[in-house]
Amino acid sequence: MEFNINEHPHRRFNPLLNEWILVSPHRAKRPWQGQNETPSTENSVAHDENCYLCAGNTRSNGEQNPKYDACYVFDNDFPALLEDDITFESKLNPLFQIKPEKGINRVICFSPKHNITLAEMDVKEIENVIHTWKEEYATLGSKDFINYVQIFENKGSVMGCSNPHPHGQIWAQSSLPTQVEKTQKSLQAYFEKNNTSLLEDYIKQELVAQERIVIENEHFVVLVPFWATWPFETLLVSKRHFGSLLGLTTKESEALAEAIQGITVKYDNLFETSFPYSAGIHQAPTDRIPHPEWHLHMHFYPPLLRSASVKKFMVGYEMLGEAQRDISPEKSAEMLRNLPNTHYKLTHKN
Ligand code: H2U
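Everything numeric in this text was worked out from a predicted model, so none of it was measured.

Conventions used here
Residues numbered from 1 in each chain as written. Predicted model: local features only at pLDDT ≥ 70, side-chain atom pairs only at ≥ 80, totals over all residues. Heavy atoms only, no water. Near = heavy atom within 4 Å. Polar contact = N/O pair within 3.5 Å; in protein donor to acceptor, adjacent residues only side chain to side chain. Areas by Shrake-Rupley, 256 points an atom, 1.4 Å probe, with all protein chains shown as cover. Nonpolar A, V, L, I, M, F, W, Y, C, P; charged D, E, K, R; others polar. Pairing = 2+ DSSP bridges. Helix = DSSP H or I, 4+ residues; strand = E, 2+ residues; numbered from the N terminus. Axes fitted to C-alpha atoms, helices over the stretch in contact; angles between N-to-C directions. Buried < 20%, exposed > 50% of the residue type's maximum accessible area, 1.4 Å probe, protein only. Parallel < 35°, antiparallel > 145°, perpendicular 65-115°, else oblique. Left-handed = near helix turned anticlockwise from the far one by under 90°. Contact = heavy atoms within 4.5 Å.

Section: the site of the ligand
Around the ligand, a shell composed of 14 residues is seen, among which Ser60, Asn76, Asp77, Ser162 and His167 lie nearest. Between the ligand and the protein, one listed contact pairs an oxygen atom with a side-chain N or O atom of Ser162 at 2.8 Å. Burial of the ligand by the surrounding chains reaches 89%, relative to a free accessible area of 470 Å². For the shell around the ligand, the residue count by class is five nonpolar, seven polar and two charged.

So this is what it looks like as structure tokens:
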């Protein structure tokens, strides 16, 4: 039998994380009698008096939000990291390693409107979110104890999001977190060997192949990566090689907003639901060392597999062996690419 990439089980290599994943494209048709998620219900009110993120409301610690009219950022009232200086005596034992970690956690409300998400915001509003991310990256990253700034969004209760109000988080810290350190090592090794950016070389080949591209505009590409783990995972990459949000030109900020709007609209249109995901930006560390190997990109990791209520579980083999996917990245890309670019709520209104 000859190998058929759409039929036969195979493994693919993820050059960013330096690990393999198992692809079982023939398995997407299997019956499902397991858990069904409850698709998110619509929030009809633009201002919810019980929401701790809405403008003018009181948060759970008693502080009051200002009557903001665009983005609003505040220090997380329940931070995972603390800024305190602590003395620590390192006792070297390779099996019991410990290292104190300093950092700052921030919450960013994307809009005062409680009942929308990035998918329903216009390009100008998303550009404003990007501008806020950029400012936070610059301010937090300039602190001497902050060497990395992770910007991300958990969307939907299935992804652990605590509140439907459109918001994201920022965790800034003194160490490179594990996923970022792995990415950094891969980007660096590639750059040292080839003197080019791994992601620039990768998207050039993807643009020729045209098999996994979902959206392309003048400055950004959104694709289902060759090595995608989650069924509808996408990677958003700048065409030009630069390391962080600080490198964005005005035109590129606009193109990034368009790309974010484009992919989030397609996601919502896939199952005509507010599509859950965890998404975040990977960019250069802020450790005051030049990082020519870094290339700005954004990951979208959505959990849904075959409908608004059936998610992919990363359990058993994935926990003990390696990540596995059922639908091929090429099929997912085709499905996303063929979806309308107008949000289904707007289409249904007309
Ligand atoms: P998630 O929905 O992704 O959990 O993000 C919401 C964050 O908001 C969460 O980290 C913080 C939580 O600690 N939060 C506050 O800082 N103040 C509040 O009044 C409630 C929630």
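From this point, the discussion proceeds with the structure in view.
Thoughts on the sheet that holds strand E10 (residues 277-282)
Across the sheet, nine strands lie side by side as E3-E4-E6-E5-E10-E11-E9-E8-E7; this open sheet has antiparallel pairing. One side of each edge strand has no neighbouring strand; the edge strands of this open sheet are strand E3 (72-75) and strand E7 (213-216). The sheet shows a mean angle of 20° between the axes of neighbouring strands, direction not considered. Across three bridges, the pairing between E7 and strand E8 (residues 220-223) is antiparallel. Bridge pairing in E8 links Ile213 to Leu223.

Structural notes on the pairing of strand E1 (residues 10-14)
Going residue by residue along E1, you find His10, Arg12 and Asn14 tucked away on one face and Arg11 and Phe13 left uncovered on the opposite face. The pairing of E1 with strand E2 (residues 19-23) spans five bridges and is classified as antiparallel. When the bridges of E2 are listed, Arg12 appears paired with Ile21. Where E1 folds back on E2, the antiparallel hairpin that results is connected by four residues, among which Asn18 adopts a positive phi of roughly 60°.

Some points on the sheet that holds E2
Strands in a sheet are paired, the pairing made by backbone hydrogen bonds, and the direction either parallel or antiparallel. With mixed pairing, the three strands of this open sheet are ordered in space as E1-E2-E14. The open sheet has two free edges, formed respectively by E1 and strand E14 (324-325), since each of these has just one partner strand. Alignment of E2 against E14, held across two bridges, turns out to be parallel. The residue of E14 that forms the bridge with Leu22 is Gln324.

A short note on the packing of helix H1 (residues 123-141) against helix H4 (residues 250-271)
Taken N-terminus to C-terminus, the directions of H1 and H4 make an angle of 115°; their axes are 8 Å apart at the nearest point. Of the possible angle classes, the one that applies to H1 and H4 is roughly perpendicular. Between H1 and H4 lies a crossing whose hand is right-handed. Here H1 contributes Val123, Ile126, Glu127, Ile130 and Trp133 to the contact with H4, which in turn contributes Ser253, Glu254, Leu256, Ala257, Glu258, Ile260 and Gln261. Counted by class, the contact of H1 with H4 contains seven nonpolar, two polar and three charged residues.

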